[in-house]
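Letter by letter, the chains look like this.
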Amino acid sequence: DLWCSGGMGLPRLGGQGGKGGDVWVVATKNMTLKRIKDKFPQKRFVADAGANSGVRALKGERGADKEILAPVGITVTTDESRTLGDLNVEGDRVMVAKGGSGGSLYSAFQPSKGEAKHIRLDLKLIADMGLVGFPNAGKSSLLTALSNATPQIASYAFTTLKPEIGKLIYDDYKQISVADLPGLIEGAHMNKGMGHKFLKHVERTKQLLFVVDVCGFQLASKTPFRSAFEAVQLLTKELELYKEELLSKPALLVVNKMDLPDAEDKLAELKEQLQNPEEFSDLLPEDMIPQNYLTFRHVVPVSAITGFGISHLKSCVRQSLDEDAALEVKATHREKLQALRKQSQGRA
């Protein structure tokens, strides 16, 4: 992306050149990243230069801004991954580069160049809950059982190739969105499989819903078998290695496939291990041990196939999100009160 310079000043009459235009990224409805790519194959955006100062107009006109129309749900970053801003709702704007100032007495009437910058547009999903689990943990089946979504389900790994959103609808018409994200695999933080795409989506969900197979899983014949406890810690480690802040999100654990033989015994074992995870860390290879173990708000056994535990899970999801919403409202009220007190103290 490139940005424009200001206009020339006019030394003879002390005139000032116009400022160069700025470049903005603006969230717009019905826009896609593909449409931006098709419309601007060069991926180069230039605002207008400021007008020169002249006898008729001593103050040159400001150059017109350039707006890059982008989809809602974009994070704008630099090539070095520094976040410039988020576009969460229609109309949100982020200035990505400033136009140069016009020439004036202070700059010997020479204009300055505008900023030149490369930016990235990352589209991320926004949902209340993000399902986190390895392939075949039964996330798609769980989403179908929970909601009105009908994802395509097959009996092989990596079945969810793009995020699938389900809506949980409650008796009082409250709706909660749950996103089933592309299957996470070991090494996702290193961008294996669809790793980074998955992990970027996780960033935008309010809470995490871990899903594990009560009997554990083996991804492929070359990879080791993982118990449910190991799967939980490996998922935690992947998130931690990608971005530690992800683990500050509230998390629930769904223990799926309770219709399988020995499920009750395995669930009891998992619960015991989760209560004192440090004691069982020797079950994990060194590079799989998370720095901090997650504490789950709820551990909910279910069977997506038979429907066992599904209504209880819906209640737990609602309760967890409602708790956080109440805390947010309290925090907002507190901030407003503090602002009012400062105002009244200022007047006094």
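Residues numbered from 1 in each chain as written. Predicted model: local features only at pLDDT ≥ 70, side-chain atom pairs only at ≥ 80, totals over all residues. Heavy atoms only, no water.

Filter applied, for reference: UniProt positions are given in the numbering used here, feature names are shortened, and annotations may be inferred rather than shown by experiment.
The protein chain appears in an unreviewed UniProt entry as GTP-binding protein 10 from Astatotilapia calliptera. Within the UniProt record for the protein chain, the comment given under Subcellular location (unreviewed entry) is "Nucleus, Nucleolus". Among the UniProt annotations of the protein chain, the heading Sequence similarities (unreviewed entry) holds the following wording: "Belongs to the TRAFAC class OBG-HflX-like GTPase superfamily. OBG GTPase family."

Points about helix 5 (residues 263-275)
Cut-off, in case you're wondering: Per the convention used, a helix needs a DSSP run of H or I reaching at least four residues, while a strand needs a run of E reaching at least two, with both numbered from the N terminus. Any helix carries an expected span of 1.5 Å times its number of residues minus one. Only protein chains enter the accessibility calculation, which uses a 1.4 Å probe. A residue is then buried if its area is under 20% of the maximum for its type, exposed if over 50%, and partly exposed in between. This arc corresponds to the set of directions leading from the helix axis out to the C-beta atoms. Contacts are residue-level and defined by heavy atoms, with any inter-residue pair within 4.5 Å sufficient.
For helix 5, with 13 residues, the first-to-last C-alpha span of 18 Å sits near the 18 Å given by 1.5 Å per residue. Among the residues making up helix 5, those that are buried are Ala263, Leu267, Leu270, Gln273 and Leu274. All buried residues of helix 5 fall inside an arc of 125 degrees around its axis, so they share one side. Facing away from the buried side of helix 5 by more than 90 degrees, the exposed set consists of Glu264, Asp265 and Gln275. Among the structural elements, helix 4 (228-242), strand 11 (251-256) and strand 12 (299-301) are those in contact with the buried residues of helix 5.

Digging into the environment of Phe308
Following the sequence through the fold, Phe308 ends up in the loop between strand 12 and helix 6 (310-347). Spatially, the C-alpha atoms of Phe308 and Asn256 are 9.6 Å apart, while their sequence positions differ by 52 residues.

Points about unusual backbone geometry
If you check the backbone angles, Tyr173 has positive phi at about 75 degrees while not being a glycine. Position of Tyr173 among the secondary structure elements: in the loop between strand 8 (164-169) and strand 9 (175-180). Of note in this structure, Lys257 is not a glycine but carries a positive phi near 70 degrees. Along the chain, Lys257 falls in the loop between strand 11 and helix 5.

A word on the pattern of salt bridges
Which entries qualify depends on this criterion: Here, a salt bridge means any side-chain nitrogen of Lys or Arg that lies within 4 Å of a carboxyl oxygen of Asp or Glu.
Overall, the coordinates contain 13 salt bridges when judged by the stated rule. The residue Arg62 makes a salt bridge to Asp65 at a minimum N-O spacing of 2.8 Å. In this structure Asp65 comes out as partly exposed when scored by relative accessible area, which is 34%. In this structure, Arg318 engages Asp322 in a salt bridge whose closest nitrogen and oxygen atoms are separated by 3.0 Å. Here Arg318 and its partner Asp322 are both found in helix 6, four residues apart, which amounts to about one turn of the helix. Accessibility expressed as a relative area gives 33% for Asp322, which makes it partly exposed.

Side note on the packing of helix 4 against helix 5
The condition is simple: Lines fitted to the C-alpha atoms define the axes, with helices restricted to the stretch that makes contact. Angles between their N-to-C directions range from 0 to 180 degrees. An angle counts as roughly parallel when it lies under 35 degrees, as roughly antiparallel when it exceeds 145, as roughly perpendicular when it falls between 65 and 115, and as oblique in every other case. Only Asp, Glu, Lys and Arg are considered charged in this grouping, and only Ala, Val, Leu, Ile, Met, Phe, Trp, Tyr, Cys and Pro are considered nonpolar; every other residue, Gly among them, is considered polar.
Put simply, helix 4 and helix 5 touch, their axes get as near as 9 Å, and they point 40 degrees apart. Judged by the angle between their axes, helix 4 and helix 5 are oblique. Here Ala228, Phe229, Val232 and Gln233 of helix 4 come into contact with helix 5, specifically with Leu270, Gln273 and Leu274. Per-class residue counts for the contact of helix 4 with helix 5 are five nonpolar, two polar and no charged.

Considering the sheet that holds strand 6 (residues 119-123)
Put simply, the rule is: Two strands qualify as a pair provided DSSP detects at least 2 bridges between them.
The sheet built from three strands is open, its strands ordered 4-3-6 with antiparallel pairing. The strands lining the two open edges of the sheet, one partner per strand, are strand 4 (83-87) and strand 6. Neighbour to neighbour, the strand axes of the sheet diverge by 20 degrees on average, direction disregarded. Of the pairings in the sheet, the one linking strand 3 (residues 74-78) to strand 4 comprises four bridges and is antiparallel in character. Looking at strand 4, one finds that Ile74 is bridged to Leu87.

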